[in-house]
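Examination of the molecular architecture
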Amino acid sequence: MNDERRFSLNQPASVPLVSPSSPGVPVSPSEPPPSGRIPANRRNSSVDDGSSVSASDLEAMRLLLAGSSVLDWHRLAFEDLAQVHRFLRLNEFDPDSPEDMERLEDVRADAVEYLTRHFGYRIPVEVAEGVPAYELLLLASRRARFQTYACIVLKVMSVLQHLDGREILFRLPVSDDQVFGLVETKVVRMVDHMRAIGLPIVEFAWSRKERDSLITKLLAKRDTLAAHVFDKIRFRLITRRLEDLPAVIRELCNRLIPWNYVIPGQSLNTLLPFEQIFEMQPATKRWRAELQADADINLPAALTNSFSASSYRVINFIADLPVRVGSILQQVGLRDSPFDPSGVVYVLTEFQVMDAQTALANEQGESSHAAYKERQHIQVKARLTRGVRTRPSRDGST
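Quick summary incoming for the structure in this document.

Remarks on a negative patch on the surface
Taken together, E102, D106, D110, D164 and E167 make up a surface patch of like negative charges. Within the residue set of the negative patch, elements represented by two or more residues are α3 (98-119) and α6 (147-171). Element by element, the count of residues in the negative patch is highest for α3, at three residues. When you line up the elements, D106 lands in helix α3.

Take a look at the structure:
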């Protein structure tokens, strides 16, 4: 992983971990350090034939791999309340919490009011208030009356929830490092769970992008705004075999990543074409005709990285991971805060997923990190001295 300092978690509990970003500041042994790598115990891969994969799983996986937007969908694919509840928990709404469900009702009311006020929509009462807000996810999944209106309201709800979370994070008196620590804890726990249920993740690493690396990246990019740097915190998962990737991606979509907040246009997938999943997991073919057509959901053009070699292979995506405000308030010791602890903020997080053979190949020759950085540095020097008149080729020449 680029510019990463790794720390092992296998230290004795009596030895305090030290944050590399804040030298001398101890980190709780129960929480992951700001950078780390956890090798997995050896596991034998057992390829999942896809029997337990649902249409909703496949829609989410396609969105993640392509970097498309749920706002372009015309229907969902939830089959029952169990799937709906799992999706709510992904988004930090506890279906068993009356407070959380009331919060969801408030978001729906705001969405209906916005649609009526700005666009003159006459939302049917059955959608506006006739069923619990979480049941809109089922209405939007059925080819029946009110499906379209349920989709419309849910799209606006998703945007409103995200905007509110972003505003809260901006106002909270916390540092990036404090919020990143909570994200790291959340992701590490989930990867531990994935290993515990038998998914063959042979390496797991995480880091925070260092200041010098951020400066270099901004100098190299055409888009030089710091607000558009999405990889300040990142995680890498390596599976034992290529055939293990679909199962790992599916579990990420089910347990960790709210796929409705995968950042559109920021997925780089040069490793696992979506259609290949149907060959790797033959039982999923039963759903192929049920999925939304590619032409109907505005799939973006494939993303490229001008500094990566043509032989470099990876699944890379950015997601806004939700974190409870209450967790942040507890982390920083804020009491009598005006912020609702049940609220949610969002933290941009980068993920890289690949298999072990691909990871090894990516460290060879022109695909290596050293070659990548050399091409990037050539570009930065060109911009600093004479502007963008030449761009290094992928073989290192100019």
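What about helix α11 (residues 325-332)?
V325, I328 and L329 are the residues of α11 that are buried. With its buried residues spanning 100 degrees around the axis, α11 presents them on a single face. For α11, the elements touching its buried residues are α6, α7 (176-196), β7 (315-324) and β8 (344-355). One or two residues past the end of α11 sits G333, with phi positive at roughly 75 degrees.

Here we look at the nonpolar core
Within the largest apolar cluster, 98 residues are counted, with the highest numbers of intra-cluster contacts made by I257 and W259. Aside from chain neighbours lying at most four places away, what touches I257 is L64, L90, L252, V262, F317, A319, L321 and F351.

With respect to the packing of aromatic side chains
For the structure on display, the rule yields eleven aromatic pairs. Between F78 and F87, the ring centres sit 5.4 Å apart and the planes meet at 50 degrees, which makes this aromatic pair tilted. F87 shares its class with F78; the two are buried. Between F204 and F235, the aromatic rings sit 6.1 Å apart at their centres with planes inclined by 10 degrees, giving stacked as the arrangement. On the criterion of sequence distance, the pair formed by F204 in strand β4 (residues 201-208) and F235 in strand β5 (residues 233-239) is long-range, its members being 31 residues apart. Take F204 and F235: they sit in the same class, and that class is buried.

Re empty space enclosed by the protein
By the definition in use, this model includes two cavities of 30 Å³ or more. In this structure, the largest cavity is lined by 23 residues; those nearest its centre are F87, L137, L154, S158 and N260. For the lining of the largest cavity, the elements supplying multiple residues, two or more each, are α2 (81-90), α3 and α6. For the lining of the largest cavity, the element with the most residues is α6, which contributes six residues. The residue inventory of the lining of the largest cavity, partitioned by class, reads 17 nonpolar, four polar and two charged. By volume, the second largest cavity is sized at about 90 Å³.

As for the environment of V174
The residue V174 is located in the loop between α6 and α7 in this model. Sequence-wise, V174 and Q331 are 157 residues apart; in three dimensions their C-alpha atoms are separated by 9.4 Å. Apart from the residues lying within four places of it in its own chain, the contact partners of V174 are V179, I328 and V332.

Some details on the pattern of salt bridges
Scanning the model with the defined rule gives 19 salt bridges in all. For the salt bridge of D57 with R86, the shortest nitrogen-to-oxygen distance reads 3.7 Å. In this pair, D57 is assigned in helix α1 (residues 55-66) and R86 in helix α2, connecting sequence segments 29 residues apart. Owing to a relative accessible area of 4%, D57 belongs among the buried residues under this scheme. R89 is paired through a salt bridge with D96; the nearest N and O atoms lie 3.2 Å apart.

Structural notes on the pairing of β5
In terms of residue burial, β5 counts as a mostly covered element, since seven of its seven residues are buried. Of the two faces of β5, the one lined by I233, F235, L237 and T239 and the one lined by R234, R236 and I238 are each fully buried. As paired strands, β4 and β5 are joined by seven bridges and run antiparallel to one another. Note that in β5 the partner of I201 across the bridge is T239. Two elements, β5 and β8, share six bridges in a ladder whose sense is parallel. Within β8, the residue paired with T239 across the bridge is D355.

Cut-offs used in this document
- Residues numbered from 1 in each chain as written.
- Predicted model: local features only at pLDDT ≥ 70, side-chain atom pairs only at ≥ 80, totals over all residues.
- Heavy atoms only, no water.
- Patch = residues over 30% accessible without salt bridge, like charges linked within 9 Å, V, L, I, M, F, W, Y side chains within 5 Å.
- Areas by Shrake-Rupley, 256 points an atom, 1.4 Å probe, with all protein chains shown as cover.
- Salt bridge = Lys/Arg side-chain N within 4 Å of Asp/Glu carboxyl O.
- Lys, Arg positive; Asp, Glu negative; His and termini not counted.
- Charge placed at Lys NZ, Arg CZ, Asp CG, Glu CD.
- Helix = DSSP H or I, 4+ residues; strand = E, 2+ residues; numbered from the N terminus.
- Buried < 20%, exposed > 50% of the residue type's maximum accessible area, 1.4 Å probe, protein only.
- Arc of directions from axis to C-beta.
- Contact = heavy atoms within 4.5 Å.
- Core = buried A, V, L, I, M, F, W, Y, C linked by side-chain atoms within 4.5 Å.
- Phe/Tyr/Trp six-rings, centres within 6.5 Å; stacked < 30°, edge-to-face > 60°.
- 1 Å grid on protein atoms, 1.4 Å probe; cavity = no way out; pocket = protein on both sides within 12 Å on 5 of 7 lines; lining within 4 Å.
- Points joined across faces, edges and corners; volume = space filled by probe spheres on them.
- Nonpolar A, V, L, I, M, F, W, Y, C, P; charged D, E, K, R; others polar.
- Pairing = 2+ DSSP bridges.

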